[in-house]
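Spelled out, the chains give:
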Amino acid sequence: MSPTISVKDSSRQRRPGSYQHPLEVMKSESPPLDLYEDRHAETVGGDDREALLQEPSSRPTGSPRGYRAELGSILLLLFLYVLQGIPLGLAGSIPLILQSKNVSYTDQAFFSFVFWPFSLKLLWAPMVDAVYFKRFGRRKSWLVPTQYVLGLFMMYLSRQVDSLLGEVEGKSPDVVALTVTFFLFEFLAATQDIAVDGWALTMLSRENVGYASTCNSVGQTAGYFLGNVLFLALESASFCNKYLRFEPQPRGIVTLSDFLFFWGAVFLITTTLVALLKKENKQASPSREETKGITDTYKLLFSIVRMPAVLTFCLLILTAKIGFSAADAVTGLKLVEEGVPKEHLALLAVPMVPLQIILPLIISKYTAGPQPLNTFYKAMPFRLLLGLEFAFLVWWTPRVKYEGGFPIYYYIILLLSYALHQITLYSMYVAVMAFNAKVSDPLIGGTYMTLLNTVSNLGGNWPATVALWLVDPLTVKECAGVQGHECGTTATAELCTKEGGSCITTLDGYYVESITCVVLGFAWWLFLGPKFKKLQDERPTSWKCRRTS
């Protein structure tokens, strides 16, 4: 429902599959250079020359280890994922801050590119997996410098962010600089994610490796909460004065500059401790972490995309979420524009946490069978109709506002609407993830499923960016009080105001978008939805990756 409180394939949901690259087999001989690429000869079996990964003969030995024996490693993983969530949460808070400063939706669309790196990390993940300093450690070679850069970057940004956000008197937000800055921010966080996901496979024993996904989910959720919900609450002067102070102050308890400096210092200190004290398991069994060269990995990805069944899936999933783009990308910003405090909007995420934990468990019972996409198809019309309900909420918001804010029943209705949205969203999300797991070739499962998940996430990113960009062009305004003036552009709007008039919105582009998106969504559901479901009936061999040597 907004960049802050709606999952809309963002943050955690933008990266549903941890990058666990199974095409890597450590070479037994050390190359002459310390910095090197892993390479592995391809094995081909069967008459159809299908490229198969050889089953490793080595097996871990020794008695099973309980989680208590590796509690330190589990806590370290958890903390690394918490650190990863901080940049995600901060990036999610910026659109709401910008909206409170009345930036255009075109600027919001430009800033939305910040959320793309986690959906595109497959493009550079093979390099992170294959190139490293062996003596320092395969994952630490990327984790340590990436987190150092993140820490230094946050400390430097703490000195510049007030100027970038237009907090300095007489300045407006520099959206281009903010976008470039936070895009790099998210790129570094995505790179750290690749390294941590890979390290989790060897940091924990086979008996305890399942805890890695728990650390991922819990840690990143906690980090996002700290960087988004907690920050927006503590940054708000009205929230702090109302709930946390005895005497009102003009500013919140923390500023974005303070927050960035603090977490930058945390990144630097903890990274130094990890570099000095934590050693990697250099005796990892090939069965737990396999390796293949960079070039071979990209060739494999290309061969997967070329398969007819996969290509059809990609084209359909890239267009399936167009119908939700206005509701998911614009609604939260519109509520802020209509006067809903951004910190209150962010705090709506708190009661949703238990629901977001329970929903996948319940929905998975219906997606575990042979036809998980049936759940996707059934949930889609309800999510589309909720888009119209969100548009009604935006229209209703200024009509229930009073001098002290909004009545409690307004927030209850907003919370219930968000909960219903989460049910439909998770029904579709879990269904697609279940289908991706079902059709992925197990012999190259990590690369295959990560590719499908990446395409699924991109299917949510590009419509959101387009939806934000189209709001301003679709909005019609007129200059009231002065004849002969228009408000079609920023320059004409300023001229209207200078002449003593005011720009009045006669047609809000958000409502045009909402209706258009719902119509397009139902058209997809009626005409392409059955074809999408039919992918479940494809033979298993249609999804097997074949490649000649």
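Since the structure is predicted, the reported quantities are computational estimates derived from the model, not experimental observations.

**Some thoughts on helix 14 (residues 352-367)**
1) Next: The first and last C-alpha atoms of helix 14 sit 22 Å apart over 16 residues, in line with the 22 Å expected at 1.5 Å per residue.
2) Next: The largest bend in helix 14 comes to about 25°, at Ile 358, with the proline Pro 360 one to four residues further on.
3) Next: Of all the residues in helix 14, the buried ones are Met 352, Gln 356, Leu 359, Ile 363 and Thr 367.
4) Next: Structurally, helix 14 contributes buried residues whose contacts are with helix 15 (373-400) and helix 16 (408-439).

**A few points about unusual backbone geometry**
1) Next: Even without a glycine there, the phi angle at Asn 102 is positive, about 60°.
2) Next: Positionally, Asn 102 belongs in the loop between helix 1 (71-100) and helix 2 (105-111).

**Examining the pattern of salt bridges**
1) Next: A full pass over the atoms with the stated rule returns six salt bridges.
2) Next: The salt bridge involving Arg 383 is made with Asp 328; its shortest N-O contact spans 2.6 Å. Here Asp 328 lies in helix 12 (residues 325-337) and Arg 383 lies in helix 15, a separation of 55 residues in the sequence.
3) Next: Note on Asp 328: relative accessible area 6%, which makes it buried.
4) Next: With a closest N to O distance of 2.9 Å, Lys 334 and Asp 508 form a salt bridge. Taken together, the positions of Lys 334 in helix 12 and Asp 508 in the loop between strand 8 (502-507) and helix 19 (509-534) put the pair 174 residues apart, joining distant regions of the chain. Pair check on accessibility: Lys 334 and Asp 508 agree, each one buried.

**Quick notes on the state of the cysteines**
1) Next: Here the structure, examined in full by the defined rule, presents two disulfides.
2) Next: Put simply, Cys 479 and Cys 496 are joined by a disulfide, and their sulfur atoms are 2.0 Å apart. Its torsion about the S-S bond being 90°, the disulfide of Cys 479 and Cys 496 is classed as right-handed. A residue pair is termed long-range when its members are at least 10 positions apart, and Cys 479 in strand 7 (residues 476-480) and Cys 496 in helix 18 (residues 490-498) qualify at 17 residues.
3) Next: Each disulfide pairs two cysteine sulfurs, and for Cys 487 the partner residue is Cys 503, the sulfurs being separated by 2.1 Å. Between Cys 487 and Cys 503 the disulfide shows an S-S torsion of about -85°. By sign, it is left-handed. Separated by 16 residues along the polypeptide, Cys 487 in the loop between strand 7 and helix 18 and Cys 503 in strand 8 bring together distant segments of the chain.
4) Next: Sequence-ordered numbering of the disulfide-bonded cysteines in the protein chain gives the connectivity 1-3, 2-4.

**Re a nonpolar patch on the surface**
1) Next: Together, Val 353, Ile 357, Ile 358, Leu 361, Ile 362 and Tyr 366 make up a nonpolar patch on the protein surface, roughly 610 Å² of accessible area in all.
2) Next: Topologically, Tyr 366 is positioned in helix 14.

**A short note on the packing of aromatic side chains**
1) Next: Within this structure, the stated rule accounts for 28 aromatic pairs.
2) Next: Among the aromatic residues, ring-to-ring pairing joins Phe 392, Trp 395, Trp 396, Phe 406, Tyr 409, Tyr 410 and Tyr 411 into one connected group.
3) Next: The ring of Phe 136 carries Lys 140 above its face, with NZ or CZ at 5.0 Å from the centroid.
4) Next: Sitting above the plane of the Phe 324 ring, Arg 383 keeps its charged end 4.0 Å from the centroid.

**Comments concerning the confidence of the model for the protein chain**
1) Next: Confidence along the protein chain averages 83 in pLDDT terms, with 84% of residues attaining 70 or more.
2) Next: Strand 1 (residues 24-25) is the least confidently modelled element of the protein chain, averaging 30 in pLDDT, while helix 19 averages 97, the highest of any element.
3) Next: Segment residues 2-61 is flagged for pLDDT under 50; beyond a separation of four residues in sequence, or across chains, it makes 188 contacts in the model.
4) Next: Scored below 50 in pLDDT, residues 285-291 shows 34 contacts in the model against residues more than four places distant or in partner chains.

Analysis parameters
Along each chain, numbering runs from 1 in the same order as the chain's sequence is written. In keeping with the predicted nature of the model, local features appear solely for residues at pLDDT of at least 70, side-chain atom pairs appear and are counted solely at 80 or more, and the whole-chain, interface and lining totals rest on all residues. In computing side-chain properties, one takes all heavy atoms of the structure into account and sets aside hydrogens as well as water. Strands are runs of DSSP state E lasting at least 2 residues, helices are runs of H or I lasting at least 4, and numbering of each runs from the N terminus. Expected span, for any helix, means 1.5 Å times one less than how many residues it has. Take the seven residues that end at a residue and the seven that start at it, fit an axis to each, and the angle between those axes is the bend at that residue. Note on classification: 1.4 Å probe, protein chains only; a residue is buried when its accessible area is under 20% of the maximum for its type, exposed when over 50%, partly exposed between these limits. Here, two residues are considered to be in contact whenever any of their heavy atoms come within 4.5 Å of each other. Salt bridges are counted wherever a side-chain nitrogen of Lys or Arg sits within 4 Å of a carboxyl oxygen of Asp or Glu. Disulfides are defined as cysteine sulfur pairs within 2.5 Å. Candidates for patches are residues over 30% relative accessible area with no salt bridge; among them, like charges are joined within 9 Å and nonpolar side chains (Val, Leu, Ile, Met, Phe, Trp, Tyr) within 5 Å. Only the protein chains shown count as cover for residues, with accessible areas throughout obtained via the Shrake-Rupley method and a probe of 1.4 Å. Side-chain rings of Phe, Tyr and Trp (the six-membered ring for Trp) are treated as a pair once their centres are within 6.5 Å; stacked means planes under 30 degrees apart, edge-to-face means over 60, and tilted covers the remaining angles. In this scheme, Lys NZ or Arg CZ marks a charge over a ring once it lies within 6 Å of the ring centre and within 35 degrees of the ring normal. Looking at any residue, its pLDDT shows the predictor's confidence there, from 0 to 100.

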